[in-house]
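The chain contents come next:
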Amino acid sequence: MEPVSELTPIETPDVSGAYPRLSQAQIELLGRTGTRRATSVGEVLIHEGNIEADFFVVLQGTVLVVEGLHAAEGRELAEGRGTRILEVHGPGRFLGEL
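Residues numbered from 1 in each chain as written. Predicted model: local features only at pLDDT ≥ 70, side-chain atom pairs only at ≥ 80, totals over all residues. Heavy atoms only, no water.

1. Regarding the overall build of the protein chain
If you tally the helices and strands in the protein chain, you get 1 helix and 4 strands. Counted over contacts in the protein chain with a minimum sequence separation of 6, partners at least 24 positions apart contribute 67%. For the protein chain, the exposed surface amounts to about 7,700 Å²; the carbon and sulfur share of it is 50%. (Helix = DSSP H or I, 4+ residues; strand = E, 2+ residues; numbered from the N terminus. Contact = heavy atoms within 4.5 Å. Areas by Shrake-Rupley, 256 points an atom, 1.4 Å probe, with all protein chains shown as cover.)

2. Some remarks on the pattern of salt bridges
Taken as a whole and judged by the stated rule, the model has 4 salt bridges. A salt bridge links R21 to E11; its shortest N-O distance comes to 2.8 Å. With R21 in the segment before α1 (24-31) and E11 in the segment before α1, this pair connects stretches of sequence that are 10 residues apart. For R21, a relative accessible area of 44% translates into the label partly exposed. Residue class for E11 comes out partly exposed when judged on its relative accessible area of 25%. For E11, the salt bridge goes to R93, with nearest N and O atoms at 3.6 Å. (Salt bridge = Lys/Arg side-chain N within 4 Å of Asp/Glu carboxyl O. Buried < 20%, exposed > 50% of the residue type's maximum accessible area, 1.4 Å probe, protein only.)

3. Overview of the environment of G96
Inspection of the secondary structure assignment puts G96 in the segment after β4 (94-95). Taking the C-alpha atoms as reference, G96 lies 4.4 Å from F55; in sequence the two are 41 residues apart. Filtering out sequence-adjacent residues up to four positions away, G96 remains in contact with I46, D54 and F55.

4. Describing the side chain of H89
With respect to the secondary-structure elements, H89 resides in strand β3 (residues 77-89). H89 gets classed as buried once you look at its relative accessible area, which sits at 3%. Here the side chain of H89 touches E87 through a polar contact of 3.0 Å, side chain to side chain. When near neighbours in sequence (up to four residues on either side) are disregarded, H89 contacts E11, Y19, V58, G61, T62, V63 and V65. (Polar contact = N/O pair within 3.5 Å; in protein donor to acceptor, adjacent residues only side chain to side chain.)

5. Things to note about the side chain of R93
In this fold, R93 is placed in the loop between β3 and β4. Exposure remark for R93: the relative accessible area of 4% places this residue in the buried category.

6. Overview of the confidence of the model for the protein chain
For the protein chain, per-residue confidence averages 82 on the pLDDT scale, and residues scoring 70 or more make up 79% of the total. Confidence, expressed as mean pLDDT per element, reaches its minimum in the protein chain at β3 with 76 and its maximum at α1 with 96. (pLDDT = per-residue confidence, 0-100.)

In C-alpha cells, the structure reads:
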C-alpha cells in the first residue's frame with residue numbers, strides 16, 4: 001500500500017480527551033512486557049473489524065487511521081473510492097483494542 005499523501009499530516013487535536021498521550025513513565029511500563037518493532041510507511045497495523053488487533057504505542061512518526069481501504073483477494077490494500085483520513089496520532093499516543 002502506498003502512503004495516502006506525500007505531505008506529513010497534522011496530528012488530530014485532543015480537544016475532548018479522546019486521544020490521550022502517554023507519559024514517558026507509562027511508555028516505559030508498557031515496554032517491560034510489550035514488544036518494540038519498526039514499521040514501514042504504508043503498513044497496515046489494524047484492519048477495521050479485526051477483533052484480534054494488537055495494542056500499539058507510537059514512539060516516533062505518525063500513524064494514520066484511514067477509512068475506505070479495500071483488499072482484493074491476493075492483492076495489497078489500496079486506496080479506494082471514498083478513502084479518507086479519520087485521525088492522525090503522533091508520539092505518545094496509542095491505538096488498538098483495550
